[in-house]
Amino acid sequence: MKDYSGGIRHDYKQVMMTGAGAPRWPWFVVGLVVPVLGVILVLAGSADDPILPPLANPIATAGATARMPLELPKPSAADSLAAAAAPQEELAQPVLTKLVVGAGDSLERLFRRNELSLSDLAAMVALDDARAHLVKLLPGNKIEVVHRDGSIIALSREISRLATLNITRTPEGFVAGLIEHPVETRAAGAHSTIRSSLFEAAQEVGVSGGVIMDMAGIFQWDIDFIQDVRTGDEFTVVYDELWRDGVKLQDSSIVAAEFINQGKLYRAARYTDPSGEIGYYTPDGRSVRKAFLRAPLEFRRISSNFNPNRRHPVLNTIRAHRGVDYAASSGTPVQAAGDGKISFRGVNGGYGNTVILQHGGNITTLYAHLSRFAAPKLGARVKQGQVIGYVGKSGLATGPHLHYEYRVNGAHRNPRTVTLPPADPVPQEYLQDFETISAGLWHQLDLYRSTQLASASN
Ligand SMILES: [Zn+2]
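Below: a short report on this structure. (Residues numbered from 1 in each chain as written. Predicted model: local features only at pLDDT ≥ 70, side-chain atom pairs only at ≥ 80, totals over all residues. Heavy atoms only, no water.)

1. With respect to the pattern of salt bridges
And then number 1: The full count for this structure, using the stated rule, is 18 salt bridges.
And then number 2: One salt bridge in this structure joins Lys-98 and Glu-144, with 3.1 Å as the shortest N-O distance. Within this pair, whereas Lys-98 is found in strand E1 (residues 95-100), its partner Glu-144 is found in strand E2 (residues 142-148), the two being separated by 46 residues in sequence.
And then number 3: Relative accessible area serves as the criterion here: at 8%, Glu-144 is assigned to the buried category.
And then number 4: Here Arg-169 ties to Asp-120 by a salt bridge, and the two come within 2.8 Å at their closest N and O atoms. One end of the pair, Arg-169, is in strand E4 (residues 163-170); the other, Asp-120, is in helix H6 (residues 118-125), with 49 residues separating them in the sequence.
And then number 5: Look at Arg-169 and you get partly exposed, because its relative accessible area is 32%.
And then number 6: Here the salt bridges share partners, and the residues they tie into one network are Glu-258, Arg-267, Asp-446 and Arg-449. (Salt bridge = Lys/Arg side-chain N within 4 Å of Asp/Glu carboxyl O. Helix = DSSP H or I, 4+ residues; strand = E, 2+ residues; numbered from the N terminus. Buried < 20%, exposed > 50% of the residue type's maximum accessible area, 1.4 Å probe, protein only.)

Next comes the structure, spelled out in structure tokens:
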């Protein structure tokens, strides 16, 4: 029996995060950027402004080219006079302080050490859009703060190579926004033949492990990358890379891929239909996915199989086990096996914290013994792979595991062997569009394969 928790699926998840390219910041961030910009413009005001000299423009870090002046311009005698005449003369000058995180530092310690306002820090950490980016600090991280006598005016932190968090004080309180750094997408691709392992074949042609895991994820419903891959198998992959200022940041999504497994060709192209649905489809427009994940989590082992005559470990009586138990650490995310709607979310007797999803085709799936629920509420629509809860041992359970059930028309089926329905194909009305767009991608696959083969034979 194959333990499906083997590398592929685990790594695939990680890759999908980076593979999706730039983090998709919510649209409301755009709304926030405007007020932030407004305040920044005030901050950056003209050099003649006696109150607000041109310093610490947080947007400058977002652009990543301009650096902030470390020191304030020395006020001239005339400036001092002007400042003395100004009504706000008692206000101290804003100062830029660069905080560098040391071992064991928290933001609170850094603020304390630099005599920055702890209540301002609390107000900033309370911002939904900022919290996650302020609590995790690593030694060497830099945070720039503009303040006046410790009272925060603005804070800026580059949270990744792709984005900077900016927090600015406004008359209504602190406002947080994420500014994406301009990145350029470049196309890349390669073809290789497997002589020893898939990873070595990838390495030979400069394809990262991440892209390979991404590809394995795309074909996971058709090819078992642990058991089925043979020497002589070939793959071709076309994908995007993200670049900034002439430097490659990371690989992004695969746009097309093919894998020849034991002589059989599999091909997939990424397609976003006009309604915004994104998927990988075969040349005839079928989805490469099934409508359900075989297992809705990354698990260590199967601790109990589907079995109509099982002795219950806690009740010690013969009781049908109408699902599969997947042993996993407490807190492991549990994903919706397929697109659907949350029809139950709560405590369900011995099942403990339970989620039931209603899917199309009169299929329901059930997830029991959860330690806690994830965001989607009762009645909410969920997508395949979306996290709906976390592994636990609530209810009657001897240890942390997920009890998972799959029902068709109310009848329990073995989730490990039931024939899973295919995911939806490209909708009929978009088929023409798909064929037009994918034609170029199939052609690219052909080009990368023939180019590589030609150079390999030289
Ligand atoms: Zn169970």
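2. Points about the nonpolar core
And then number 1: In terms of nonpolar packing, the biggest core is built from 27 residues, with Tyr-326, Leu-357, Tyr-367, Ile-388, Leu-402 and Tyr-406 touching the most fellow members.
And then number 2: Counting only elements with at least two residues in this core, the list comes to strand E12 (324-327), strand E15 (353-359), strand E16 (363-373), strand E18 (387-391) and strand E19 (401-408).
And then number 3: The dominant element in this core, judged by the number of residues it contributes, is E19, at 4 residues.
And then number 4: Every residue in contact with Tyr-406, bar those within four places of it in the chain, is listed here: Phe-292, Ile-363, Thr-364, Thr-365, Ala-411, His-412, Arg-413, Pro-415, Val-418, Leu-420 and Pro-421.
And then number 5: One finds Ala-190, Ile-254, Tyr-266 and Tyr-280 within the second-largest nonpolar core, a separate group that totals 25 residues. (Core = buried A, V, L, I, M, F, W, Y, C linked by side-chain atoms within 4.5 Å. Contact = heavy atoms within 4.5 Å.)

3. Looking at unusual backbone geometry
Apart from glycine, the bulk of residues carry a negative phi angle, and the bulk of peptide bonds sit in the trans form.
And then number 1: One non-glycine residue, Asn-362, lies in the positive phi region at around 55°.
And then number 2: Mapped onto the elements of the fold, Asn-362 is located in the loop between E15 and E16.
And then number 3: Of note in this structure, Asn-409 is not a glycine but carries a positive phi near 50°.
And then number 4: Of note, Asn-409 is situated in the loop between E19 and strand E20 (411-413).
And then number 5: Residue Asn-409 is classed as exposed on the basis of its relative accessible area, which comes to 56%.

4. Topic: helix H7 (residues 128-135)
And then number 1: For H7, the full list of buried residues reads Ala-130, His-133 and Leu-134. The arc that holds the buried residues of H7, viewed along the axis, is 95°, so those residues lie on one side. Structural note: H7 exposes Asp-128, Ala-132 and Val-135 on the side pointing more than 90 degrees away from its buried face.
And then number 2: Buried residues in H7 make contact with helix H5 (107-113), H6, strand E3 (151-158), E4 and strand E5 (173-180). (Arc of directions from axis to C-beta.)

5. Brief notes about the coordination of the zinc ion
And then number 1: Looking at the zinc ion, one finds its protein donor set to be His-321 (NE2), Asp-325 (OD), Asp-325 (OD) and His-403 (ND1), positioned 2.0 to 2.7 Å from the metal centre.
And then number 2: Here the zinc ion binds 4 donor atoms, and the angle range of 53 to 153° at the metal identifies the geometry as irregular.
And then number 3: Sequence positions of the residues that donate to the zinc ion give the spacing H-x3-D-x77-H.
And then number 4: His-321 gets classed as buried once you look at its relative accessible area, which sits at 4%.
And then number 5: The buried category is assigned to Asp-325, whose relative accessible area is 6%. (Donors = N, O, S within 2.8 Å, 3.2 Å for Na, K, Ca; no water. Tetrahedral: all angles 85-135°; square planar, octahedral: opposite > 155°, others 65-115°.)

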